[in-house]
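Analysis of the macromolecular model
Residues per chain, in single letters:
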Amino acid sequence: LGCFLVLYSLIEASCLIKYCGRFTEEILALMVSFVFIYNAIESLVYEVDLTYDLAFVSLFLGTFLLCNLVNSFRKSRYVTRELRAFISNLAPALSICIVTGLSYCVPNRSDQIQRTKMSQEGRPFATTTGRPWLVDGSGITWQSKLLCCVPGFLVSVLFMTEASIGMLLTVRPEMKLRKGSPYLHWDTFLQGLMVIGCSLFGLPWCMVSLPHSPMNVEVLADTADDDQGNKMILRSRETRWTAFLSHAAMLCLVGFASSWIALIPVGVAFGFLLYMGTESLSDNDLFERFQLFFTDPSLYPPSHYVRFVRRSVIHWYTVIQLLCFIFLWLLHDNFYVPALDGLAVPISMFFPLVLVAMVPFRMFLLPKVFSKLDLSILTSVDEHSIARLFY
């Protein structure tokens, strides 16, 4: 996987991402949001059906509701605007700390609550299972290593596509960034090196991820509410220090204070996961257009595509995107045909190929259904550049 990513950076394969367009970007962003939501709700259903752990349910819902409550403090009338924004930006951290503290206030029950599993060895940077850090790959035959190139190639396509789309969504014009486009080839090269290093040490692979990257820009920006109550960015602060310091803090916590992380209940972690999924839906145009199916036409938001594209065209375009999303979801999660789980190659392996196949679908099939002007308004322009299509 890492070698494929390094190769992509050397041949500048990231240039191909410009053909994805907003059609694919919105579908993938919605997919990531629903993965967060689905995993969180799945854990809640499991606890309710099998163990009926009331503490898990209470901590799960408490974290989710408190995150939304603290985040909505931005719109209140109390204290100054800067302080409201500061408190709102800390909504996840404050909620996790508060609910974790409350989990220790239950008499005779706090020691029975499921908590995050961390290393119990008591030494810095100890692994959870006690295994050595460096993974011993000497027992893998060269035939197996060659065979691993097939799933490695498929996963590398997904990595490059999702990372590049994440970068494009992060530098959208409405984010008000001023320092130019991201260096996709250099980022892909560094990502490949990190994947190689993480693989050698048995660590999770790191990548530019949705929805974290766009949300990081929003946290650093000055925002205000427009006439419809939607958050609008006024000015962005562009700095690398926040990412560096946050990751340095995570390294210190995992390495020297893992016992602190072990205090967090599992229900709190999944409640935060649900919050991340639902919060990321607010910036997804596909989800916004989906809500138009159930909205009174007289109350439609004054978006540029609502003003310049017929309602029937918007609905048909949204239906096509939703069908593509459902098809991707059926590839991602096989819950409908148990016999498919017995295949030598899981169908989820084809997820990256289907995602890439949406590029020619958008380029060659959509123009046969919609006019060039409608597609440009729906996929190629934003609110501030709509006039370029008419003048």
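This is a predicted model, so every value here is computed, not measured.

Regarding its fold elements, the chain presents 17 helices and two strands. Each of the 391 residues in the chain was classed as buried or not, and the buried ones make up 40%. Partitioning the intrachain contacts of the chain with sequence separation of at least 6 by distance along the chain shows that 72% fall at a separation of at least 24. With an accessible surface of roughly 22,800 Å², the chain has 68% of that area assigned to carbon and sulfur atoms.

Judged by nonpolar contacts, the single largest core of 58 residues is most densely connected at Phe23, Ile27, Tyr305, Tyr317, Leu328, Leu366 and Phe370. Once you skip the residues sitting within four places of it in the chain, Phe370 turns out to touch Val313, Trp316, Tyr317, Ile320 and Leu375.

Bringing the packing of aromatic side chains into the picture now. What the rule picks out here adds up to 14 aromatic pairs. Between the aromatic rings of Phe4 and Phe153, the centroid separation amounts to 5.7 Å while the plane-to-plane angle is 65°, which identifies the pairing as edge-to-face. Note that Phe4 is positioned in helix 1 (residues 2-10) and Phe153 in helix 7 (residues 149-170), a separation of 149 residues in sequence. On the basis of relative accessible area, Phe4 is assigned to the partly exposed category, the value being 23%.

Right, let's talk about the side chain of Ser95 for a bit. Along the chain, Ser95 falls in helix 5 (residues 91-103). According to the relative accessible area criterion, Ser95 is buried, its value standing at 0%. Of note is the side chain of Ser95, whose polar atom sits 2.7 Å from the backbone oxygen of Ala91. Apart from the residues within four sequence positions on either side, Ser95 is in contact with Thr63, Leu66, Cys67 and Val70.

On to the pattern of salt bridges, then. Opposite charge on two side chains allows them to pair when their charged atoms are near. The final tally for this structure, using the stated rule, is one salt bridge. Arg289 is the salt-bridge partner of Glu26, the closest N and O atoms lying 2.7 Å from each other. You can see Glu26 sitting in helix 2 (residues 21-51) and its partner Arg289 sitting in helix 13 (residues 285-291), a full 263 residues away along the chain. The same class applies to Glu26 and to Arg289, which are both buried.

Structurally, the position occupied by Leu94 is in helix 5. Spatially, the C-alpha atoms of Leu94 and Val70 are 8.2 Å apart, while their sequence positions differ by 24 residues.

With that settled, the discussion passes to a nonpolar patch on the surface. The grouping of Phe125, Trp133, Leu134, Trp186, Leu190, Leu193, Ile196, Leu200, Phe201, Leu203, Leu251 and Phe256 at the surface amounts to a nonpolar patch, some 1,100 Å² of accessible area in total. Going through the elements one at a time, helix 8 (184-200) and helix 10 (241-256) are the ones with two or more residues in the nonpolar patch. The greatest single-element share of the nonpolar patch, amounting to five residues, is contributed by helix 8. You can see Phe256 is positioned in helix 10. The exposure class assigned to Phe256 is exposed, which follows from its relative accessible area of 60%.

Time to look at the environment of Phe270. Tracing the backbone through its elements, the reader meets Phe270 in helix 12 (residues 266-280). Of the residues examined, Phe270 reaches a relative accessible area of 26% and is grouped as partly exposed. When near neighbours in sequence (up to four residues on either side) are disregarded, Phe270 contacts Asn39, Ala40, Ser43, Phe56 and Phe60.

A few words now on the packing of helix 1 against helix 7. Running from N to C, helix 1 and helix 7 point in directions that differ by 50°, and their axes come no closer than 8 Å. Relative to helix 7, the element helix 1 lies oblique. For the pair helix 1 and helix 7, the sense of crossing is right-handed. Where helix 1 approaches helix 7, its residues Phe4, Leu5 and Tyr8 are matched on the opposing element by Cys149, Gly152, Phe153, Ser156, Val157, Phe159 and Met160. A per-class count over the contact of helix 1 with helix 7 returns eight nonpolar, two polar and no charged.

A word on the confidence of the model for the chain. Scored by pLDDT, the chain comes out at a mean of 80, with 88% of its residues at no less than 70. Across the chain, the element-wise mean pLDDT spans from 71 in strand 1 (residues 222-225) up to 90 in helix 15 (residues 311-332).

At a minimum axis separation of 8 Å, helix 7 and helix 16 (residues 351-369) run at an interaxial angle of 45°. The angle between the axes of helix 7 and helix 16 places the two elements in the oblique class. Here helix 7 runs over helix 16; the crossing is left-handed. Contacts between helix 7 and helix 16 involve Leu154, Val157, Leu158 and Thr161 from the first element and Phe351, Pro352, Leu353, Leu355 and Val356 from the second. Tallied by class, the residues present in the contact of helix 7 with helix 16 amount to eight nonpolar, one polar and no charged.

Position of Glu279 among the secondary structure elements: in helix 12. Apart from the residues lying within four places of it in its own chain, the contact partners of Glu279 are Asn71 and Met215.

About the thresholds
Residues numbered from 1 in each chain as written. Predicted model: local features only at pLDDT ≥ 70, side-chain atom pairs only at ≥ 80, totals over all residues. Heavy atoms only, no water. Helix = DSSP H or I, 4+ residues; strand = E, 2+ residues; numbered from the N terminus. Buried < 20%, exposed > 50% of the residue type's maximum accessible area, 1.4 Å probe, protein only. Contact = heavy atoms within 4.5 Å. Areas by Shrake-Rupley, 256 points an atom, 1.4 Å probe, with all protein chains shown as cover. Core = buried A, V, L, I, M, F, W, Y, C linked by side-chain atoms within 4.5 Å. Phe/Tyr/Trp six-rings, centres within 6.5 Å; stacked < 30°, edge-to-face > 60°. Polar contact = N/O pair within 3.5 Å; in protein donor to acceptor, adjacent residues only side chain to side chain. Salt bridge = Lys/Arg side-chain N within 4 Å of Asp/Glu carboxyl O. Patch = residues over 30% accessible without salt bridge, like charges linked within 9 Å, V, L, I, M, F, W, Y side chains within 5 Å. Axes fitted to C-alpha atoms, helices over the stretch in contact; angles between N-to-C directions. Parallel < 35°, antiparallel > 145°, perpendicular 65-115°, else oblique. Left-handed = near helix turned anticlockwise from the far one by under 90°. Nonpolar A, V, L, I, M, F, W, Y, C, P; charged D, E, K, R; others polar. pLDDT = per-residue confidence, 0-100.

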